[in-house]
There are 2 protein chains.
Amino acid sequence: MTKRAQNADADIGLNDMLCFAVYSANHAFNRVYRPLLNELGLTYPQYLVMVLLWEADGQRVGDLGARLSLESNTLTPLLKRLEALGHIGRVRDAADERQVRVTLTPQGAALREKARDIPRCILEASGLTLDDLVRLKTEIASVRDALERHASAQ
Amino acid sequence: MTKRAQNADADIGLNDMLCFAVYSANHAFNRVYRPLLNELGLTYPQYLVMVLLWEADGQRVGDLGARLSLESNTLTPLLKRLEALGHIGRVRDAADERQVRVTLTPQGAALREKARDIPRCILEASGLTLDDLVRLKTEIASVRDALERHASAQ
DNA sequence: CGTAATTAGATCGTACACGATGAAATCGTG
DNA sequence: CACGATTTCATCGTGTACGATCTAATTACG
């Protein structure tokens, strides 16, 4: 508020912007996750894919993309890296050769145990109660859905 | 909750994660901003830098980085692109040659007019009232600050 | 004063993210 | 059955992010 004096008109500043709060919170989450995920040898987007596969194994590239709002241009290289690390396999579906099924290797399934206490670490780092975290998550997801509806309607 | 049945144990899924709500909301903001910023020929991070310079011209690279939580490895190439576009100038400070001052060109200052109604478009797309947006922004910024305190304390 | 430590940016390599495009498989309709 | 449209994934180019390292300028202190 000291610096805003230089700014004679009514435009909003960076700290007034919801998008910047989200952008910088996303960066902050990454910085908290990084040391935890380094233990597993995963990046944050790779971890999200593993979480999805731990939920349900054998999903198609497109299924993963639908959940993450990512397309094959991002997912294909990421999945190839997870495959090179030995965590997943990628096989074309015999019934429809266009589709690629992503499956956990035993190593990828086992990694879940090492990741088990990450959510607790994150909850602790956030300084929130579990109830507040759930409430905030729901609010943010609701705004995200509104933005996505607006974006797909042009 | 239908698919969770496949998942016999108590691990959390993607939709339970606050970090994913933030991650995907950030993507959704980008998708809403993209067509608006295409009109200006800016990317979203470039727009954030311009917002900072419209707040206060002549900041150092490090000042911008402190506000955005970015370092010179990210900012230097980004600023060079803004310079190539003719929106800013980058000059070494005569009093301390280590520092680089970033200043708006007349063209960069004028771009502010074309950006003026972006915040209103975003507010509309979010589906929130201004009061709810401010409240949510404050909550998210508070979590971000808690995460950053946790990250810098290792 | 002189040199070690610190600071500010820049550079490099790796990994997302995404628009645009390509290629192969499948589907739909005549 | 045939052929154009659609679906699915892959590829390419550009632009963030970020750890690690480098260089030059300044500061600190003996």
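Rules used throughout
Along every chain, residues carry numbers that run from 1 in the direction the sequence is written. Lettering for chains starts from A, numbering for ligands starts from 1, and both go in the order in which the items are written. Where local features are concerned, this predicted model is filtered to residues with pLDDT of at least 70; where side-chain atom pairs are given and counted, the filter is 80 or more; whole-chain, interface and lining totals use all residues. For side-chain calculations, the full set of non-hydrogen atoms in the structure is used, while hydrogens and water are omitted. UniProt positions are given in the numbering used here, feature names are shortened, and annotations may be inferred rather than shown by experiment. Paired strands, in this sense, are two strands between which DSSP finds at least two bridges. In this text, helices come from DSSP runs of H or I with a minimum length of four residues, and strands from runs of E with a minimum of two, each type numbered from the N-terminal end. Take the buried Ala, Val, Leu, Ile, Met, Phe, Trp, Tyr and Cys residues and link them wherever side-chain atoms come within 4.5 Å; each set so joined is a nonpolar core. Accessibility here uses a 1.4 Å probe with only protein chains present; expressed as a share of the type maximum, an area under 20% marks a residue as buried, one over 50% as exposed, and anything in between as partly exposed. By definition, residues are in contact when any of their heavy atoms lie within 4.5 Å. The rule for a residue being near a molecule or strand is that one of its heavy atoms must lie within 4 Å of it. Distance and chemistry together define a polar contact, namely a pair of N or O atoms within 3.5 Å, with one atom able to donate a hydrogen and the other to accept it when in protein, and with adjacent residues in sequence counting only for side-chain atoms on both sides. The copies were overlaid by least squares, fitting only the C-alpha atoms of residues that reach a pLDDT of 70 or more in each copy. The term buried area means the drop in 1.4 Å probe accessible area that two parts suffer when joined, counted for both and summed. The salt bridge criterion pairs a side-chain nitrogen of Lys or Arg with a carboxyl oxygen of Asp or Glu, the two atoms within 4 Å.

- Named according to an unreviewed UniProt entry, chain A is MarR family transcriptional regulator originating from Plastoroseomonas hellenica.
- Looking at chain A in UniProt, the text filed under Subcellular location (unreviewed entry) is "Cytoplasm".

1. Let's talk about the sheet that holds strand S1 (residues 59–60) of chain A
Residues and elements named next belong to chain A.
Link 1 in the chain: Across the sheet, which stays open at both edges, the 3 strands sit in the order S1-S3-S2 with antiparallel pairing between neighbours. Edge positions in the open sheet fall to S1 and strand S2 (88–92), since each of these has one partner strand only.
Link 2 in the chain: Sheet topology note: the S1/strand S3 (residues 100–104) ladder contains 2 bridges and is antiparallel. Note that in S3 the partner of Gln59 across the bridge is Val102.

2. A look at the nonpolar core
Link 1 in the chain: Membership of the largest hydrophobic core comes to 94 residues, with the highest contact counts inside it found for Tyr33 and Tyr47 of chain A together with Tyr33 and Tyr47 of chain B.
Link 2 in the chain: Excluding residues that lie within four positions of it along the chain, Tyr47 of chain A makes contacts with Tyr33, Leu37, Leu42, Trp54, Ala115 and Ile118 of chain A together with Met17 of chain B.

3. Concerning the protein's contact with DNA strand D
Link 1 in the chain: As a matter of local geometry, DNA strand D sits amid 27 residues, with Tyr23, Ser72, Thr76 and Arg90 of chain A together with Thr43 of chain B nearest to it.
Link 2 in the chain: Looking at DNA strand D alone, sugar and phosphate atoms form 69% of those within 4 Å of the protein.
Link 3 in the chain: Separating a phosphate oxygen of DNA strand D from a side-chain N or O atom of Lys80 of chain A is a distance of 2.7 Å.
Link 4 in the chain: One of the side-chain N or O atoms of Gln46 of chain B is found 2.7 Å from a phosphate oxygen in DNA strand D.

4. Some points on the relation of the copies chain B and chain A
Link 1 in the chain: The two copies are related by a screw operation: chain B maps onto chain A through 180° of rotation and 0.0 Å of translation along the axis, at an RMSD of 0.0 Å. Such a combination of rotation and displacement between the chain copies is what one expects of a two-fold axis. Using C-alpha coordinates, one finds that chain B approaches the rotation axis most closely at Val22 of chain B, a distance of 3.1 Å.
Link 2 in the chain: An overlap of 98% is found between the interface residues of chain B and their copies at the interface of chain A, pointing to a shared contact surface.

5. Focus on the interface of chain B and chain A
Link 1 in the chain: Contact with chain B, which involves 58 residues of that partner, is made by 60 residues of chain A.
Link 2 in the chain: Carbon and sulfur atoms make up 65% of the surface buried where chain B meets chain A, a total of about 6000 Å² over both sides.
Link 3 in the chain: Counting across the interface, chain B meets chain A through 4 salt bridges.
Link 4 in the chain: Arg31 of chain B is the salt-bridge partner of Glu148 of chain A, the closest N and O atoms lying 2.7 Å from each other.
Link 5 in the chain: Applying the counting criterion to the chain B and chain A interface returns 12 residue pairs in polar contact (both at pLDDT 80 or more).

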